[in-house]
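# Working through the structure, step by step
Chain by chain, the residues run as shown.
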Amino acid sequence: MTYIDVSQPEPAVVATGIVKHFGPRAVLSNVDITVMRSQVHALIGANGSGKSTLSKIIAGFYRRDGGHISISGNAVPVNAGVAGTEAYGVRVVHQDLGLIDGVSVLENIAVGKGYTRTRVGTIDWGATNRRARAALAMVGLEGLDPAAAVDKLATWQRVAVACARALFDGLERVRLLILDEITAALPPGEVRLVLDLVRRLKELGAGILYVTHRFEEVMDVTDHITVLRDGKLLVSVPTSQTTTRQLVEWVSGDKVPEVDAVRTRIVSDVAVLEIDRLTTSRLKNVSLTISKGEICGVIGRAGCGRSALGRTLFGKERIVSGSLTLSGQRFTPHHPRDAIIRGVAYVPQDRQRAGILPGASVRENFTITNLSKITRGGRISGGRERGLVAQLIRHHNVIPADSEASIHNLSGGNQQKIVVGRWDLTDNILFVLDEPTEGVDAAARASIYNHIRACAAGGAAVLLLSSSLEEIADVCTRAICLTDGRITHEIEGDALNVRNMEHLLVGQISDFSPPPEPRRAMD
Ligand SMILES: Nc1ncnc2c1ncn2[C@@H]1O[C@H](COP(=O)(O)OP(=O)(O)OP(=O)(O)O)[C@@H](O)[C@H]1O
Ligand SMILES: [Mg+2]
């Protein structure tokens, strides 16, 4: 048994004077941060403020241009790289978790981390299994069979498996665990389970750098908070000495637009979208009508078919039976282009894989949906294009305000502003938005809500697929609940509140037992 002595507060990482430039732009200027062991340290700031860049520098993904980093008292050379930094004890769990579906929990945990070998060099499955079980026990999944398929797990369990992988090659070596937005897009009821997991990880003795946009979580689970603004350290305080209101001010300044408090009334009972007994590989007999001006939310647990519904409406999933009608005419999308022609706007959940045009510029990512607005006689008009893109960048507050920047080099939240904003100027009658505010800061979230309302007020129908019940309660006029691909409930009017929806969904997760008390030791 190796115990980590957590009785003496000791820094896990001390970073001072960190500087990073991308080309001529200073992205981090003289930033200091110290994360203690057994401390959950929040790193917060607006989209593009430098959180991911700082995390990536500490983890060795990026080389710093200036400053000093030491981990448990050992100076980390500037060229340590990812492998070198790992050897100092830094581990990262990214928002996308990096799990491979269709593969077992065991393989996901052990791949790339070294299987235990027998004396003749073959994989010692017995020993690898035991190590994997020990890592799973550390994250509260002691009962989980390592042979289970990772895609069959609840979302919070997938987060826990990703953490188990980070701890797999020996907890005694882990000094700092960086958790980058791991609670984005968790189904309701599961956020609590992931926060329990974070508390449990803290008890194991490593320092935890916790990157998030959710202030309730910051107040709930962290001990200390560092706020970045425009690549500079704004403030670093113990969580107990601040308030949510103060955090909003530090992160957003005075930039948070007011969200229109009045729910959009249904302006018409003219149906825009009629879904009649729709059945696909994921949906069963779904019937739903959405009228002009209506914002209809869709809630449900992970795997309920919510995203599948969005993909089907955008021609990305095959319809097995049933029919769709759009503005009174039969609608059978076989391909996204069929949907776009009929006036369907779509924001997919998976921004990296399905949302952005990778390798293309901000300009190209904006204009892909607006080609008809910038072409004349079949040719792109450069002047029109520049004007249009400048307008969209300004309106959505995209940072940097550079139309030629590669979309890859934008922060996650700024990419999301483009994926949502690119449908602004199109004449759409149906908006299908899957987690449109994932990863965006409070100011951008408020402006996306206002934008959704403006679309509905302009006569479009909106289908909002979201894991945030607050979002559904604030923005929607009605919501349906999907369970295993079927519509099981519908809520509207005053009944459309977080408590009722929680009640509906939490009833479905009563089979989740909370993880037992954390252990402070490992084999
Ligand atoms: N590889 C890169 N090349 C050029 N610029 C980059 C690169 N990576 C990040 N940047 C820029 O650095 C700034 C900080 O980005 P970063 O991703 O660190 O922000 P963030 O605080 O994590 O934001 P978000 O909340 O949106 O994830 C942004 O303006 C971004 O455009
Ligand atoms: Mg980021």
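Here the structure is shown first, and the text comes after it.
These remarks concern the structure in this document. (Residues numbered from 1 in each chain as written. Chains lettered and ligands numbered in written order. Predicted model: local features only at pLDDT ≥ 70, side-chain atom pairs only at ≥ 80, totals over all residues. Heavy atoms only, no water.)

Another aspect to go through is unusual backbone geometry. In the segment running from isoleucine 399 into proline 400, the intervening peptide bond is cis, with an omega of 0°. If you trace the backbone, proline 400 turns up in the loop between helix 14 (382-395) and helix 15 (412-421). For asparagine 285, which is not a glycine, the phi torsion comes out positive at approximately 55°. By the element assignment, asparagine 285 lies in the loop between strand 12 (271-279) and strand 13 (286-291). A positive phi angle is found at aspartate 484, which is not glycine, with a value near 50°. Position of aspartate 484 relative to the elements: it lies in the loop between strand 22 (478-483) and strand 23 (486-492). Accessibility expressed as a relative area gives 55% for aspartate 484, which makes it exposed. (Helix = DSSP H or I, 4+ residues; strand = E, 2+ residues; numbered from the N terminus. Buried < 20%, exposed > 50% of the residue type's maximum accessible area, 1.4 Å probe, protein only.)

Turning to the packing of aromatic side chains, a few remarks are in order. Scanning the entire structure with this criterion turns up 3 aromatic pairs. Measuring from centroid to centroid gives 6.3 Å for phenylalanine 314 and tryptophan 423, while their planes differ by 90°, and the two rings are edge-to-face. Separated by 109 residues along the polypeptide, phenylalanine 314 in the loop between helix 9 (306-313) and strand 15 (321-326) and tryptophan 423 in the loop between helix 15 and strand 20 (430-434) bring together distant segments of the chain. For the pair phenylalanine 314 and tryptophan 423, one class covers both residues: buried. (Phe/Tyr/Trp six-rings, centres within 6.5 Å; stacked < 30°, edge-to-face > 60°.)

Take the site of ligand 1 next. Taken together, 19 residues sit near ligand 1, with Gly48, Lys51, Thr53, Ser411 and Gly413 positioned nearest. Within the side chain of serine 52, one N or O atom sits 2.9 Å away from an oxygen atom of ligand 1. Residue asparagine 409 places a main-chain N or O atom 2.8 Å away from an oxygen atom belonging to ligand 1. For the shell around ligand 1, the secondary-structure elements that each account for two or more residues are strand 3 (25-36), helix 1 (51-58) and helix 15. For the shell around ligand 1, the element with the highest residue contribution is helix 1, accounting for 3 residues. A per-class count over the shell around ligand 1 returns 6 nonpolar, 11 polar and 2 charged. Structurally, the shell around ligand 1 is a two-domain feature, drawing no fewer than three residues from each of domain 1 (7-250) and domain 3 (353-426). (Near = heavy atom within 4 Å. Polar contact = N/O pair within 3.5 Å; in protein donor to acceptor, adjacent residues only side chain to side chain. Nonpolar A, V, L, I, M, F, W, Y, C, P; charged D, E, K, R; others polar. Domains from an automatic or database assignment.)

As a packed pair, helix 5 (residues 155-167) and helix 6 (residues 191-203) sit with axes 9 Å apart at the nearest point and diverge in direction by 20°. In terms of axis orientation, helix 5 runs roughly parallel to helix 6. Of the two elements, helix 5 crosses helix 6, and the hand of that crossing is right-handed. Contact with helix 5, carried on its side by Trp156, Val159, Ala160, Cys163 and Leu167, involves Leu193, Val194, Leu197 and Leu201 of helix 6 and no other residues of that element. Here the contact of helix 5 with helix 6 is composed, by residue class, of 9 nonpolar, no polar and no charged. (Axes fitted to C-alpha atoms, helices over the stretch in contact; angles between N-to-C directions. Parallel < 35°, antiparallel > 145°, perpendicular 65-115°, else oblique. Left-handed = near helix turned anticlockwise from the far one by under 90°. Contact = heavy atoms within 4.5 Å.)

Every α-helical turn comprises 3.6 residues, leaving residues that sit three or four positions apart pointing alike. Relative to the 20 Å expected for 14 residues at 1.5 Å per residue, helix 14 spans 20 Å between its end C-alpha atoms, a close match to the ideal helical length. Regarding helix 14, the residues found buried are Glu385, Leu388, Val389, Leu392 and Ile393. Relative to the axis of helix 14, the buried residues are bounded by an arc of 130° and lie together on one face. Across from the buried face of helix 14, at angles greater than 90 degrees, the exposed residues are Arg386, Arg394 and His395. After helix 14 finishes, the residue asparagine 397 shows a positive phi value of roughly 55°. (Expected span 1.5 Å × (residues − 1). Arc of directions from axis to C-beta.)

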